[in-house]
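Fold and geometry: a report
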Amino acid sequence: MAKKQAVSFKLNGKDVDVVVEPRELLIHTLREKLQHTGPHIGCETSHCGACTVDLNAMSVKSCTVLTVQCEGACVLTIEGFAQSGELHALQESFHLDHALQCGYCTPGMITRAYRLLKENPNPTEEEIRYWMAGNLCRCTGYQNIVKAVQSAARKLSSAAAA
Amino acid sequence: MIPRPFEYHAPQTLPDALGLLRQFGDEAKLLAGGHSLLPMMKLRFAQPGHLIDLGGIAELKGIRQDGNSLLIGAMTTENEIIWSQLLQTKCPLLVEGARQISDPQVRYKGTIGGDIAHGDPGNDHPALMLALAASFALRGAGGERVVPADGFFIGTYETAMKPDEIMTQVRIPVPAQGAGYCYAKLKRKTGDFAAAAAAVVLHLKGGRVQEVRIALTNVGPTPLRATEAEALLRGNRPDDAIILQAARLAMSVCAPSADQRGDAEYKTAMAGEMTIRALTTARQRAA
C-alpha cells in the first residue's frame, strides 16, 4: 500500500488537515473524513454533477479529483453557503421557485450555479442551460432550476448595486 | 470505484517531471486534467504505480501569439481556450471545438495536451489539430522535438510520443484572415463522445477553394484526414453538388467500430453528414 500523505486545504473558509492515501477521491474525504455530506455521490463516473464542489474558483466533480491534488486549495461546498443562519440567494431562489423535488442534485446544482454567476452575473436562459449542462436532475425538467438561477442572478446584482 | 494504490508526485518544474518519468519508466503515468486517466484508473483499466501530476508546472500553461504561431501550453484547460480573446479572434475553430467537449465541470479540468496525448480517437482536439495543421512540442531527456499533427496519431491510445516525453506546447499557424471554419459534431447527449464529427478549415480565393483541410473524429482507430475529399474541392467552386461528392469521399476513409452510438454504417453516414454541415458552414463564414 502506498504511503499516506498529509494534505492541508481550506474548506468553506476553515483550515483542514487530512491524512489520505493518494488514491482517495475528494468526495470521499469530504463525506467520510470531514463529515461534509452535502456533495452527493450520484454516478461516481463524472457524469451527473451531484458531487460538484468549487475548487480554486472552478466547478469540479469531486469524484474525479484526488484529495492529494488539493494541497493548499480553497474548497467550497454547499455547507459554506448560508451565512449566520441566512440562506444564500441561490438557496432561497431554489426554495421559492420550486427548483427541486427529491433534492439529490441540489447541492451540486447550487454550487455550480454559484460559479456560473460569479463568471457571468447576468446570464441568458441559453447560457444557463449551456453552462449548467454538467449537472443532471431527474425530477424537475430543469425549467424551475433555470428560473431559480435567473432570480438569484437578479437578487445578487441588485444587492451588488445597493 | 477506487483506483489501485499508487504513489503521487507533484513536480513543480518540467526538469523534475522529466526526472520522475525517467526514474519510474513504465510504472509511471502523467496526470493532466485527469478526466480520462482517473476514470480509467477507477475502473482499473489503468493501474500505474506512480502518478506524476503536471498541474503544478506553470510553464505548461498559457496562450499567446508569437509571430505567425499561436502557442498554447499543453496544460491549458478547455475553459481557458473558450474564454481566450486571442483564440476567439485568431482561431475561432478551436473555441468552437472546445465548447463542444464534454460539460462545464470537465472543461475546467480537461486540458488540450491531455486530450491530444491520450490518443483516444473519440477526443475532439486531434481532428481539430489535423484541420489546423498544428504541431506539438515534446520534451524528453534528449531535449525538445516538434512533431506535426499529421502522422502523430498512430492507433487507438497510440501516438508518436516516446514514453520518456512530455508534451509541453501546441503550436498552431494562425489561420489566414477570412478563412472559413467549422467543427460539426453529432453527440447523443452532453458529455458524450461524438458519434461522428468533422473539422474544416476553408480558404477561398475568387470564389474558388484555394486550400481546404478536413479531419474526422471517432470514425476510425485515429482521427482521419479526408485527403481525397480535400483534393476534389481544391480549385473548384464549393457548390452543394461538389460538397456532396466530397462528403462521399470522406465517408470512404471511415472505418468506425460499432458501439452503443451506432453501427459502422450509421456512423459512416453521420461522418458524411457532418462533413456536409462543416463545409457548408465554413463556406458561409469564408470571406
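The shown structure was predicted, so the numbers you read here are calculated from the model rather than taken from an experiment.

Conventions we followed
- For every chain, the first residue of the written sequence is number 1, and numbering continues from 1 onward in sequence order.
- In the order they appear in the text, chains get letters beginning with A and ligands get numbers beginning with 1.
- Totals for whole chains, interfaces and linings use every residue, but because this is a predicted model, local features are given only for residues with pLDDT of at least 70 and side-chain atom pairs only at 80 or more, for both listing and counting.
- For the side-chain quantities, the full set of heavy atoms in the structure was used; hydrogens and water were omitted.
- In what follows, residue pairs with any heavy atoms lying within 4.5 Å of each other are defined as contacts.
- What gets called buried area is simply the loss in accessible area from a 1.4 Å probe that two parts show on being joined, summed for both.
- We count a salt bridge whenever a side-chain nitrogen from Lys or Arg sits within 4 Å of a carboxyl oxygen from Asp or Glu.
- Only runs of H or I of at least four residues qualify as helices and only runs of E of at least two qualify as strands under DSSP, and these elements are numbered from the N terminus.
- Between any two strands, pairing holds if DSSP finds at least two bridges.
- Axes here refer to lines fitted to C-alpha atoms; in helices the fit is confined to the stretch in contact. Angles between the N-to-C directions go from 0 to 180 degrees.
- Here is the rule for angles: anything less than 35 degrees is roughly parallel, anything more than 145 is roughly antiparallel, 65 through 115 is roughly perpendicular, and the remaining ranges are oblique.
- Left-handed describes a crossing whose near helix is turned anticlockwise from the far helix by less than a right angle; the clockwise case is right-handed.
- For this scheme, ten residues count as nonpolar: Ala, Val, Leu, Ile, Met, Phe, Trp, Tyr, Cys and Pro. Four count as charged, namely Asp, Glu, Lys and Arg, and the remainder, Gly too, count as polar.
- Criterion for a disulfide: a pair of cysteine sulfur atoms within 2.5 Å.
- For every residue, the accessible area (1.4 Å probe, protein chains only) is compared with the maximum for its type, and the residue is labelled buried under 20%, exposed over 50%, or partly exposed between those bounds.
- For each domain, the first and last residues come from an automatic or database assignment.
- A patch consists of residues whose relative accessible area exceeds 30% and which take part in no salt bridge; residues with like charges are grouped when within 9 Å of each other, and nonpolar side chains (Val, Leu, Ile, Met, Phe, Trp, Tyr) when within 5 Å.
- Using a 1.4 Å probe, the Shrake-Rupley method yields the accessible areas, and only the shown protein chains count as cover for residues.
- Buriedness of a pocket was judged along seven lines, with at least five required to meet protein on both sides within 12 Å; pockets are open sets of points on a 1 Å grid over the protein atoms alone, cavities are sets where a 1.4 Å probe fits but cannot get out, and lining residues have an atom within 4 Å of a point.
- Grid points are joined across faces, edges and corners, and a volume is the space filled by probe spheres set on the points.
- Residues belong to a common nonpolar core when they are buried Ala, Val, Leu, Ile, Met, Phe, Trp, Tyr or Cys residues joined through side-chain atoms within 4.5 Å.
- Pairing of aromatic side chains requires ring centres within 6.5 Å, counting the rings of Phe and Tyr and the six-membered ring of Trp. Pairs whose planes differ by under 30 degrees are stacked, by over 60 edge-to-face, and all others tilted.

Okay, the interface of chain B and chain A next. In this complex, chain B contributes 31 residues to the contact, which on the side of chain A involves 33 residues. Buried area between chain B and chain A, both sides added, is near 2,600 Å², and the carbon and sulfur share of it is 61%. When the buried area of chain B at its contact with chain A is split by residue, Tyr8(B), Gln105(B) and Tyr108(B) rank highest and sum to 26% of it. Linking chain B to chain A there are one salt bridge. When residues of the side of chain B that touches chain A are traced back to their parent elements, those giving at least two are β1 (7-9), α2 (37-42), β3 (50-53), α3 (78-82) and α6 (104-109) of chain B. At six residues, the largest contribution of residues to the side of chain B that touches chain A is made by α6(B).

With that settled, consider the sheet that holds strand β4 (residues 58-61) of chain A. All names here are of chain A. Strands sit in the order β2-β1-β5-β3-β4 across an open sheet of five strands; the sheet is mixed. Edge positions in the sheet fall to β2 (14-20) and β4, since each has one partner strand and no second. Across the sheet, the mean angle separating the axes of adjacent strands is 40° when strand polarity is ignored. The pairing of strand β1 (residues 5-11) with strand β5 (residues 74-76) spans two bridges and is parallel. Note that in β5 the partner of Leu11 across the bridge is Val75.

What follows concerns the packing of helix α10 (residues 240-252) of chain B against helix α11 (residues 264-285) of chain B. Residue and element names in this part refer to chain B. It is the contact of α10 with α11, at a shortest axis distance of 8 Å, that shows an interaxial angle of 140°. One finds that α10 runs oblique with respect to α11. For α10 against α11, the interelement crossing comes out right-handed. Along its contact with α10, which presents Asp240, Ile243, Leu244, Ala246, Ala247, Ala250 and Met251, the element α11 presents Thr268, Ala269, Gly272, Thr275, Ile276, Leu279, Thr280 and Arg283. For the contact of α10 with α11, the residue count by class is nine nonpolar, four polar and two charged.

Residue and element names in this part refer to chain B. The tally for this structure, following the rule as stated, stands at zero disulfides over all chains. Between Cys91, a cysteine without a disulfide, and Cys182, which holds the nearest cysteine sulfur, the sulfur-to-sulfur distance is 13 Å. The class for Cys91 is buried, based on a relative accessible area of 1%.

A separate point is the pairing of strand β12 (residues 196-205) of chain B. For a regular strand, the rule is simple: side chains alternate between the two faces of the sheet. Residues and elements named next belong to chain B. The element β12 is largely enclosed, with a buried count of eight among its 10 residues. Relative to β12, strand β11 (residues 180-186) runs antiparallel, the two sharing seven bridges. Residue pairing for β12: Tyr181 is matched across the bridge by Val201. Pairing of β12 with strand β13 (residues 208-217) involves nine bridges; the strand directions are antiparallel. By the bridge assignment for β13, Lys205 is matched with Arg208. Where β12 folds back onto β13 in an antiparallel hairpin, the turn is made up of two residues, including Gly206, whose phi is positive at roughly 60°.

This part is about the environment of Val149(A). All names here are of chain A. Note on placement: Val149 falls in helix α5 (residues 143-161). As for Val149 and Leu25, which are separated by 124 residues in sequence, their C-alpha atoms are 29 Å apart. In contact with Val149, not counting residues within four places along its chain, are Leu90, Phe94, Ala113, Leu117 and Ile128.

Attention shifts here to the domain arrangement of chain B. Residues and elements named next belong to chain B. Domain boundaries assigned for chain B yield domain 1 (7-53), domain 2 (61-173) and domain 3 (181-286). Taking only C-alpha atoms, the centre of domain 1 and the centre of domain 2 are 19 Å apart. Approximately 1,100 Å² of surface area, both sides summed, lies buried where domain 1 meets domain 2, with 79% of it carried by carbon and sulfur atoms. Of all residues in domain 1, the largest losses of buried area upon contact with domain 2 belong to Leu14, Leu18 and His35, amounting jointly to 38% of the total for that side.

The subject of this paragraph is a nonpolar patch on the surface. A cluster of nonpolar side chains, namely Met1(B), Leu43(B) and Phe45(B), defines an oily patch on the protein surface of about 320 Å² accessible area. Positionally, Phe45(B) belongs in the loop between α2 and β3.

Residues and elements named next belong to chain B. Note on placement: Thr275 falls in helix α11. Among the residues examined, Thr275 registers a relative accessible area of 0% and is labelled buried. In contact with Thr275, other than residues within four places in its own chain, are Ala198, Ile214, Leu216, Ala247 and Ala250.

Attention now goes to the layout of surface pockets. Space inside the second largest pocket adds up to approximately 510 Å³. Lining of the second largest pocket is provided by 23 residues; of these, Asn56(A), Met58(A), Gly55(B), Lys61(B) and Lys109(B) occupy positions nearest its centre. Looking at the lining of the second largest pocket, the elements that each hand over two or more residues are α3 and α6 of chain B.

For the rest of this paragraph, the subject is the nonpolar core. The biggest cluster of nonpolar side chains holds 62 residues, and the ones touching the most others in it are Leu94(B), Met129(B), Phe136(B) and Ile172(B). Excluding anything up to four places from it in sequence, Leu94(B) contacts Ile72(B), Ile81(B), Leu87(B), Ile112(B), His125(B), Leu128(B), Met129(B), Leu132(B) and Ile172(B). Counting 30 residues, the second-largest nonpolar core is a separate cluster that includes Leu26(A), Val53(A), Phe6(B) and Leu31(B).

Residue and element names in this part refer to chain B. A full pass over the atoms with the stated rule returns seven aromatic pairs over all chains. Ring centres 6.0 Å apart and planes at 65° place the aromatic pair Trp83 and Tyr108 in the edge-to-face group. With Trp83 in the loop between α3 and α4 (85-90) and Tyr108 in helix α6, this pair connects stretches of sequence that are 25 residues apart. Between the aromatic rings of Phe136 and Phe153, the centroid separation amounts to 6.3 Å while the plane-to-plane angle is 75°, which identifies the pairing as edge-to-face.

Further remarks concern the pattern of salt bridges. All names here are of chain B. Under the criterion given, the structure shown has 24 salt bridges over all chains. Arg285 is the partner of Glu96 in a salt bridge, and the nearest nitrogen-oxygen pair spans 2.8 Å. Linking Glu96 in helix α5 (residues 92-99) with Arg285 in helix α11, this pair joins segments that are 189 residues apart in sequence. Of the residues examined, Glu96 reaches a relative accessible area of 18% and is grouped as buried. Members of the salt-bridge network, linked through shared partners, are Asp150, Glu211, Arg213, Arg225, Glu230 and Arg234.

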